[in-house]
Each structure stands twice: as C-alpha cells, then as structure tokens.
Amino acid sequence: MKNLILTGFMGTGKTTVGRILAKKKNIRLVDVDKEIEKLAGASIAEIFKTKGEAYFRMLETKAIKLVVQEENQIIATGGGAIVNAENLRMLKQSGRVICLRAATKTILSRVMNNDSRPLLNIDDKKSGIENLMNSRLKYYNKADFSIDTDGKEPEEVADAIMTYINADYDTVEVDLGERSYDIKIGAGTIKNIAHELKSLGFNDKVVLITSDCIDGLYAEDMMRRLASEGFDAKKIVVDDGEKSKSLDTANEIITELLELRCERNTPLIALGGGVIGDLTGFVASIYLRGVPFIQVPTTLLADVDSSVGGKTGVNHNYGKNLIGAFYQPKLVLIDINVLSTLPKSEFLNGIAEIIKYGVIHDPYLFKYLDENVSKLLAKDLDALKH
Ligand code: S3P
C-alpha cells in the first residue's frame, strides 16, 4: 500500500486518528512533527522560539522528503505542512492525502489548555484560529478527501477513513481550467457521498434527484448518510425511463426546487442512469442561472458516456437531446458496486459502448477488452475499474 497522509488544521485529531488507523492496519504511524524534532534535537516550541518559523518550515520540508521515501505508513503532518506546494506534491505522490476538518469552536476547545503550538500562543486564540484557517482553506481543499470531525469520536473518524480507503479510489482529473473536476472511480464510493460534498465545500442543503427504480436501491441509503453528516437533504423522484427527459419534467423539478427554497449554492446530486444525469444536469444549468451538480451514475453506460463531458439536456417531440447545454459537474462519483444490481441487458449496453471506443480510437483498450471479456462479463471489480 502507498502511504495514507493525514493533514488538517491544528487540533483536528491527526495524531490520535493516525494512531487508531495505524493499529487497525497494523502499520506504523509517522508523525512529521516528531521527525522535525529529531532533526533539530529540540521541541517544536523551542525551534520556533530560537530559530523562527522559516527555519521550522525548512526542517518540515526536509522531514517530509525523508518520510516519503518509505511506503506503507500512516503519515500525520503538522497543520501548516501542505501550504507549501512542494510538500503537498511530495505527499500526494506518496499516497492519499486526507484532510481532517473541524469548526473553530471545536479546535478552540481542543487546543485551549495546550501551549505546545507556538502559532496559537496568543491571547485571542479564537481570532488567531479563524484568521489562520481562512488563509489555509484553499490549501486544505487540495486534499484528496476530507472528513469533518466535529462531534465525532476519533474511532468514528478512523472508520470513515477506512470506508474511504476500502473503496480503493482511482481518480481521473478533468482539466478544464476553472471548470475542472474529478471523476472518482472505486467500489463503495457512494458511501462517502457526504464527505465528498464537504470536500467540495458544501455543508448545508442538498437535493438528490433520482428515479423510481434507484430510489429503493440506493437513494434511501444516501439520504441517511447525508442526514447523519448534518446535511439538510431533500429528494426528488421522477419516473423511470426516457419520457422523463422532457421540459415538462425539468419544469416540475424546478418548481420543487423553488418550493424547497434552494439557493444558488445548493448542489443537486444526479443519482441514476443517463436520463437522470442529463435531466439533472440540464436543470442545474438553468435553475437560478446555474447551480452546482454532482453526477453519481448508476449504469455502465452512464459511467462511460452520459456522465462524461458535461452533456446535459432533454428531448423534444422532434428528437432526442435537442434542448440542452454543456454544463460541467463538480464531481463524477462512480461506484462499481452498484453495477451488481444492473440488469444484464443494461450492462451489455455499456460494454458495447466501451467496445466502440476501442474500435474508433484506442487499440490498447480494444485489446484489453478482448483479453478480459470473461472477467468483465463476470463483473470483476478490477477489470471494470480499468
Ligand atoms: C503548525 C502545526 C503544528 C506544528 C507547528 C506548526 C501549523 O502541528 O507543525 O506548530 O503551522 O499549523 P499540529 O497541526 O499537529 O498541531
């Protein structure tokens, strides 16, 4: 296994959670601050006092460079480590970077009676935390995954991280400048929906749009997970099938969104196949002149086709997809596990599309498909993820 890196503001529990994870996985925990102290032969507080912060930061980069030489470890960094782009690059290259988050109030209560943190050795700790946190948010947002630790026991945080690791993510970064987003692919990824939303900066109201058939299978569970992470989650269910890809259904959804008083920053989650993805994306592109949306495709065809590229739209009596917009999601979260409930004909429909990509564009993909056809048909997770 590559490393698992825990980062986040002071007092978010990196070392405590790191210890639990190290025990669970029976691997060692490396605390970057401890490595810095070893290099300096002095405590963090002494380094700051006698040599200053710049010297500390230099040692921090040196310690990270040494630590990432090894694999199979939990690495807990100091709260300021990933502000430095070189540190973040080294850490990301060595494994997954997980950011632990907490509200100012929580952090304050955790660091109040502890003077081992020189940056918080100030009278007005609350403002100090707020200012430093504001200046660091954009760096913390670069982590691969975030977990909110407010009101959670360290064990619970460790469990959420284990769920994340077990989903064994692969990420495809879609580089579109300001509209860039990730396609995350793994097994069990939808269990992490709430943490994914928080990683994107959402934490209040969210609307799940799904179809009849997916409702009982996956939407209920998703609603529970969202609620337990403090989201005000609402659900809109539309009829299964192509007939829902219409201006009428789009208008009905918009009416519900208005009645739910959804704001410009309320994200929509499209949980379903191509109809749901296209319809939700289209609504997202026009509701209040555009709100964020996330694709959670549940068919193989939607995984490889409709959820990719920002194609959104509805049908017209004169033909398919005649009304729509190119509108990019904030994230595409693909869960290979949900393909287990996909009817065989739907599964083959997706496979046919993938074979087509091989034929028209990618001889390596075509060869892979040819050699792995039986694994794919048996829904082997690694083959499907590939
Ligand atoms: C720092 C956080 C501390 C330590 C140093 C600087 C920071 O680690 O590295 O005091 O810049 O946020 P913890 O986050 O483990 O307290």
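For the structure, check the block above.
Model, not experiment: these values are computed from the prediction.

Student: Looking at this structure, I do not really get the site of the ligand. What am I missing?
Tutor: Around the ligand, 13 residues are found, and the nearest of them are Lys14, Arg57, Gly79, Arg117 and Arg136. Gly79 places a polar main-chain atom, nitrogen or oxygen, 2.8 Å from an oxygen atom of the ligand. When isolated, the ligand has an accessible area of 380 Å², and the protein chains bury 94% of it. Split by residue class, the shell around the ligand holds five nonpolar, three polar and five charged.

Student: Would you mind showing me how to read the sheet that holds strand β6 (residues 170-174) here?
Tutor: Pairing between the strands of a sheet comes from backbone hydrogen bonds, and it takes one of two forms, parallel or antiparallel. Ordered by their spatial adjacency, seven strands build an open sheet running β6-β7-β14-β11-β10-β8-β9, and the pairing between neighbours is mixed. This sheet does not close on itself; its edge strands, each paired only once, are β6 and β9 (232-238). Here the average twist between neighbouring strands, direction ignored, is 15°. Here strand β11 (residues 293-297) pairs with strand β14 (residues 331-335) via two bridges, running parallel. Bridge pairing in β14 places Gln295 opposite Val332. Running at roughly 155° to β9, helix α11 (residues 247-259) makes contact with β8 (205-211), β9 and β10 (268-272) of the sheet. The sheet strands contacting helix α12 (residues 274-286) are β8, β9, β10 and β11, and the helix crosses β10 at an angle near 165°.

Student: Just checking my understanding: could you explain the pattern of salt bridges for this structure?
Tutor: A side chain with one charge may pair with a side chain of the opposite charge, provided their charged atoms come close. Counted by the stated rule, this structure contains 24 salt bridges. Glu130 is paired through a salt bridge with Lys126; the nearest N and O atoms lie 3.4 Å apart. You can see Glu130 and its partner Lys126 sitting in helix α7 (residues 125-140), four residues apart, about one turn around the helix. A residue is classified by how much of its surface remains accessible, and Lys126, at 44% relative accessible area, is partly exposed. Bridged by salt links that share partners, the residues Asp148, Lys152, Lys198 and Glu229 form one connected network.

Student: What's the story with unusual backbone geometry in this structure? I'm lost.
Tutor: Among all residues except glycine, the phi angle is most often negative; among peptide bonds, the trans geometry is most common. Look at Asp168: it is not a glycine, yet its phi comes out positive at around 50°. Residue position: Asp168 is located in the loop between α8 (154-166) and β6. One non-glycine residue, Lys379, lies in positive phi territory at about 55°. Mapped onto the elements, Lys379 comes out in the loop between α16 (373-377) and α17 (381-385). Judged by relative accessible area, which is 24%, Lys379 ranks as partly exposed.

Parameters and conventions
- Position numbers for residues start from 1 in each chain and track the written sequence from start to end.
- Where local features are concerned, this predicted model is filtered to residues with pLDDT of at least 70; where side-chain atom pairs are given and counted, the filter is 80 or more; whole-chain, interface and lining totals use all residues.
- Excluding hydrogens and water, the side-chain figures rest on all heavy atoms present in the structure.
- Being near a molecule or strand, for a residue, comes down to having at least one heavy atom within 4 Å of it.
- Within 3.5 Å is the distance limit for a polar contact, defined as a pair of N or O atoms, with the added protein rule that one can donate a hydrogen and the other accept it, and that residues adjacent in sequence qualify only through two side-chain atoms.
- Working definition of accessibility: Shrake-Rupley area with a 1.4 Å probe, residue cover restricted to the visible protein chains.
- All residues other than Ala, Val, Leu, Ile, Met, Phe, Trp, Tyr, Cys, Pro, Asp, Glu, Lys and Arg, Gly among them, are scored as polar; the first ten of these are nonpolar and the last four charged.
- Whether two strands pair depends on DSSP finding at least two bridges between them.
- Numbering of helices and strands starts at the N terminus; helices are DSSP runs of H or I of at least 4 residues and strands are runs of E of at least 2.
- Where helices are involved, their axes are fitted lines through C-alpha atoms of the stretch in contact, as for all axes, and angles between N-to-C directions lie from 0 to 180°.
- Contacts are residue-level and defined by heavy atoms, with any inter-residue pair within 4.5 Å sufficient.
- Every case where a carboxyl oxygen of Asp or Glu lies within 4 Å of a side-chain nitrogen of Lys or Arg is listed as a salt bridge.
- Note on classification: 1.4 Å probe, protein chains only; a residue is buried when its accessible area is under 20% of the maximum for its type, exposed when over 50%, partly exposed between these limits.

This is a description of form; function is not addressed.
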